[in-house]
Amino acid sequence: MEIQRLPGFRDFYPYEYAWRNYISEGWRNCARSFGFVEYDGPTLEATDLYRKKSGEELKTQLFRFFDPGERDICLRPEMTPTLARLVAARERDFKKPIKWFSIAPFFRFEKPQKGRLREFFQVNCDLIGDSSAAADAELIALAVAMFQVFGLTEKDFYVRVNNRSLWLDFIQKRNVPGQRLTEFLAIIDKIEREEPGVTARKLADFKITWDEVQAFLQTPAEAIPGFEALSQELRWRGIAEMVKLDLTVVRGLDYYTGLVFEVFDRQRQNRALAGGGRYDNLIHLISDGAVDLPAAGFAIGDVVLQNLLQELPHTRKMAEAALAMGRCRAFVIIADESRRPEALQLAAMLRENQIVTDFSLQPIKVGKQFQMAESIGAQFAVVVGQEWPQVKLKNLQQRAETTVSKEALVNLLKS
């Protein structure tokens, strides 16, 4: 019986792995350009890290089991609790603000669908130790840059922001206990996806009407405390036009305390491309009160991002061009087997100069060597034969050919 791949998981053949590297390298370079440094944590964590901190939906999605030592553990479904644990353990070792990022695999047992799998890779960027509007704007700017690096523009995506504390104030003014905020926000989170009648019935349990909620959703930005300071920071960064206030954005995780934001494609053909916000109480909670630091961060998943990049012609073209650069640059054709030692030395020299180079390991006809070169997508053929120490350099796309010295070959292939 053939063993099948598990549902919601992926096989990464070379082409798929090249896409994965393209995305992760774009994220990594972008995060570093903002002064963020990379870290990681364990793939397995104690289940208690998530049971009290992450929200009801996530608790049902854990890949959870007992290890041989009878410890209750799970595959990590997200990074923020791990980050909070790391910072709480050694926060005195790091100057504030802490600006960290990670790119790692995560696991959630949920129904596989477009943009959502059971294993996915995600970039997490967090800024800890600064509660200012400038810190919030810096994270939003980084999130925007992490889409722009792949050729996406303001015509392709935008950011929706909100402050969860507004809804806490909303329900408390209507005598709803603050402990029910998470339950109430679950209704607001689905308000765009459910029929108004369904939402109205759910709101009735809080003695709140549909009209009250709709009126509150029209709250102007200037009436929201702190929003002007954030808007000013965004204007200074040149991205204010890409950010829209939307009070329906609440995020699903329990630990968010204030600002929250999500990134969406303009056509709304995909689920949220990114999400994050401020979680000022999480480190205090995880450390049992020993460490209290403000914190905010966001995450972008590779599945939904790759879907968007492949759907849009201009970003797919940019990606394919980048993937081609990682393919074989030069294929050494050994036209005279007596020159094989020199050909191998030439290949070694090209590789030392970071030029992707290949050749046939076995003596075969020249025609078959050219076929090998074209089959792996090589851009140039370097023919080593009777002309040695000169070689023939053939552009396999343009079919142009020239004779050059081996000394000039490196510069020509690097250009």
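In this text, all values refer to a predicted model and were calculated from it rather than measured experimentally.

**Quick notes on helix 7 (residues 181–189)**
Piece 1. Every buried residue of helix 7 is accounted for by Leu-181, Phe-184, Leu-185, Ile-187 and Ile-188. Projected onto a plane normal to the axis of helix 7, the buried residues spread over an arc of 150° and lie on a single side.
Piece 2. Of the surrounding elements, those touching the buried residues of helix 7 are helix 6 (164–172), helix 8 (196–204) and helix 9 (210–217).

**Focus: the packing of aromatic side chains**
Piece 1. In this structure the tally under the stated criterion is 19 aromatic pairs.
Piece 2. Residues Phe-9 and Phe-63 carry aromatic rings whose centres are separated by 6.1 Å and whose planes lie at 75° to one another, so their mutual orientation is edge-to-face. With a gap of 54 residues between them, Phe-9 in the segment before helix 1 (14–33) and Phe-63 in the loop between helix 3 (56–59) and strand 3 (64–66) connect regions that are remote in the sequence.
Piece 3. Seen from their ring centres, Phe-147 and Phe-157 are 5.2 Å apart, and the 40° between their planes marks the pair as tilted. One end of the pair, Phe-147, is in helix 5 (residues 133–148); the other, Phe-157, is in strand 7 (residues 157–163), and 10 residues separate them in sequence.
Piece 4. On the accessibility criterion, Phe-157 (0% relative accessible area) is buried.
Piece 5. Here the aromatic cluster, defined as three or more aromatic residues joined through ring pairs, consists of Trp-167, Phe-170, Phe-184, Phe-206 and Phe-216.
Piece 6. Geometry around Phe-170 places Arg-174 over its ring, the cationic atom sitting 3.8 Å from the centre.
Piece 7. Its guanidinium or amino end placed over the ring of Phe-206, Arg-180 lies 4.0 Å from that ring's centre, counting from NZ or CZ.

**Some words on unusual backbone geometry**
Piece 1. The amide bond that connects Lys-96 to the next residue, Pro-97, takes the cis arrangement and shows omega of 0°.
Piece 2. Among the secondary structure elements, Pro-97 is positioned in the loop between helix 4 (80–90) and strand 5 (98–107).
Piece 3. Unusually for a residue other than glycine, Asp-288 sits at a positive phi of about 55°.
Piece 4. Position of Asp-288 relative to the elements: it lies in the loop between helix 11 (282–286) and strand 11 (295–301).
Piece 5. On the accessibility criterion, Asp-288 (72% relative accessible area) is exposed.
Piece 6. One non-glycine residue with positive phi stands out, namely Gln-354, at about 60°.
Piece 7. Take Gln-354: it is sitting in the loop between helix 14 (340–352) and strand 13 (357–359).

**Describing the packing of helix 1 against helix 12 (residues 302–311)**
Piece 1. Here helix 1 crosses helix 12 at 105°, and the two axes come no closer than 11 Å. Between helix 1 and helix 12, the angle falls in the class roughly perpendicular. Across from Trp-19, Tyr-22, Ile-23 and Trp-27 in helix 1, the residues of helix 12 making contact are Asp-302, Leu-305, Gln-306, Leu-309 and Gln-310.
Piece 2. Looking at side-chain class alone, the contact of helix 1 with helix 12 contains 6 nonpolar, 2 polar and 1 charged residues.

**Things to note about the nonpolar core**
Piece 1. Core analysis: the largest hydrophobic core is formed by 70 residues, its most contacted members being Ile-140, Met-146, Trp-167 and Phe-184.
Piece 2. Here this core gets 11 residues from one element, more than from any other, and that element is helix 5.
Piece 3. Residue contacts for Trp-167: discarding those within four places in its chain leaves Asn-162, Leu-181, Phe-184, Leu-185, Ile-188, Val-213, Phe-216, Leu-217, Leu-247 and Val-250.
Piece 4. Counting 30 residues, the second largest nonpolar core, distinct from the first, contains Tyr-50, Trp-100, Leu-117 and Val-291.

**A short note on the pairing of strand 16 (residues 401–405)**
Piece 1. Pairing geometry for strand 15 (residues 390–395) and strand 16, over 5 bridges, is antiparallel. Opposite Gln-390, over in strand 16, you have Ser-405 as the bridge partner.
Piece 2. Connecting strand 15 to the antiparallel partner strand 16 that follows it, the hairpin turn spans 5 residues, and Arg-399 within it adopts a positive phi of roughly 65°.

**Examining the side chain of Asp-246**
Piece 1. The residue Asp-246 is located in the loop between strand 8 (243–245) and strand 9 (259–265) in this model.
Piece 2. Separated by 2.6 Å, the side chains of Asp-246 and Thr-248 make a polar contact.
Piece 3. Excluding its chain neighbours within four sequence positions, the residues that come into contact with Asp-246 are Arg-160, Val-161, Asn-162 and Glu-192.

**Brief notes about the environment of Gln-398**
Piece 1. As for its placement among the helices and strands, Gln-398 is situated in the loop between strand 15 and strand 16.
Piece 2. A relative accessible area of 62% means that Gln-398 is categorised as exposed.
Piece 3. With 18 residues separating them in the primary sequence, Gln-398 and Phe-380 have C-alpha atoms 9.6 Å apart.

Thresholds, definitions, all that
Residues numbered from 1 in each chain as written. Predicted model: local features only at pLDDT ≥ 70, side-chain atom pairs only at ≥ 80, totals over all residues. Heavy atoms only, no water. Buried < 20%, exposed > 50% of the residue type's maximum accessible area, 1.4 Å probe, protein only. Helix = DSSP H or I, 4+ residues; strand = E, 2+ residues; numbered from the N terminus. Arc of directions from axis to C-beta. Contact = heavy atoms within 4.5 Å. Phe/Tyr/Trp six-rings, centres within 6.5 Å; stacked < 30°, edge-to-face > 60°. Lys NZ or Arg CZ within 6 Å of the ring centre and 35° of its normal. Axes fitted to C-alpha atoms, helices over the stretch in contact; angles between N-to-C directions. Parallel < 35°, antiparallel > 145°, perpendicular 65-115°, else oblique. Nonpolar A, V, L, I, M, F, W, Y, C, P; charged D, E, K, R; others polar. Core = buried A, V, L, I, M, F, W, Y, C linked by side-chain atoms within 4.5 Å. Pairing = 2+ DSSP bridges. Polar contact = N/O pair within 3.5 Å; in protein donor to acceptor, adjacent residues only side chain to side chain.

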